[in-house]
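# Structural overview for review
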Amino acid sequence: MMKNFMGTAAAVAAAFVVLATAGSAQAAKLAWQSTSTYSPSTGQADLEYTFNCPTGYTAVSGGYEFNSTGQSDDIALGASGPRFDANNYNAWGWHFYWPSGAKAGEEITFSAVCQK
């Protein structure tokens, strides 16, 4: 009985190694890029921001994060998606609105997932 259990554990461990290897191979083709930070001007009402992928890559997702000042502000996200006007969809874009204007000291950090 113990022999069968050990055989199953070994098969699961072998499958895990194969999956981990496949994941590593995928990481070279699909990856988050280095971040970019933007500081809106105090009172700024809107922002269209574009994150470009390296040449030959396609933007497949995007992310952003406000610092603590921005997290306490009233902000609306109007759009987040691939830039349809970019050649080969190699850019991700966002459009933000500040109904009362951006607060002093706000920062937004951006990144995109780019695929080869």
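Only a predicted model underlies this, so the values are computations on that prediction, with no experimental measurement involved.

Residue-level pLDDT values for the chain average 77, and 73% of them are 70 or greater. Below pLDDT 50 for its whole length, residues 1-28 participates in one contact with residues either more than four positions away or in separate chains.

Another point: the side chain of histidine 95. With respect to the element layout, histidine 95 can be found in strand S6 (residues 91-97). Here the side chain of histidine 95 touches aspartate 46 through a polar contact of 3.4 Å, side chain to side chain. Non-local contacts of histidine 95, meaning those with residues more than four positions away in its chain, are made with Asp46, Leu47, Glu48, Ala76, Leu77, Gly78 and Ala79.

The next thing to look at is the pattern of salt bridges. Within the structure shown, the criterion is met by one salt bridge. A salt bridge links aspartate 85 to arginine 83, with the nearest nitrogen and oxygen atoms 2.7 Å apart.

Turning next to the environment of serine 36. Secondary-structure assignment places serine 36 in strand S2 (residues 36-38). Using a relative accessible area of 22% as the deciding quantity, one classes serine 36 as partly exposed. For the pair serine 36 and phenylalanine 51, spaced 15 residues apart in sequence, the C-alpha to C-alpha distance is 8.1 Å. Excluding residues that lie within four positions of it along the chain, serine 36 makes contacts with Tyr49, Phe51, Ile108, Thr109 and Phe110. Here the side chain of serine 36 touches tyrosine 49 through a polar contact of 2.5 Å, side chain to side chain.

Quick look at the sheet that holds strand S5 (residues 76-82) now. Judged by pairing direction, the sheet is antiparallel, and its three strands sit side by side in the order S3-S6-S5 without closing on themselves. The strands lining the two open edges of the sheet, one partner per strand, are strand S3 (46-52) and S5. Put simply, the sheet's adjacent strands are angled 10° from each other on average, direction ignored. With seven bridges connecting them, S3 and S6 associate as antiparallel partners. Each residue of the ladder has a partner; that of leucine 47, found in S6, is phenylalanine 96.

Further remarks concern the environment of threonine 37. Mapped onto the elements of the fold, threonine 37 is located in strand S2. Assessed through its relative accessible area of 47%, threonine 37 is described here as partly exposed. With 28 residues separating them along the chain, threonine 37 and glutamate 65 place their C-alpha atoms 9.4 Å apart. Contacts of threonine 37, omitting those with residues within four sequence positions, involve Glu107, Ile108 and Thr109.

Basis of the calculations
- Residues numbered from 1 in each chain as written.
- Predicted model: local features only at pLDDT ≥ 70, side-chain atom pairs only at ≥ 80, totals over all residues.
- Heavy atoms only, no water.
- pLDDT = per-residue confidence, 0-100.
- Contact = heavy atoms within 4.5 Å.
- Helix = DSSP H or I, 4+ residues; strand = E, 2+ residues; numbered from the N terminus.
- Polar contact = N/O pair within 3.5 Å; in protein donor to acceptor, adjacent residues only side chain to side chain.
- Salt bridge = Lys/Arg side-chain N within 4 Å of Asp/Glu carboxyl O.
- Buried < 20%, exposed > 50% of the residue type's maximum accessible area, 1.4 Å probe, protein only.
- Pairing = 2+ DSSP bridges.
- Axes fitted to C-alpha atoms, helices over the stretch in contact; angles between N-to-C directions.

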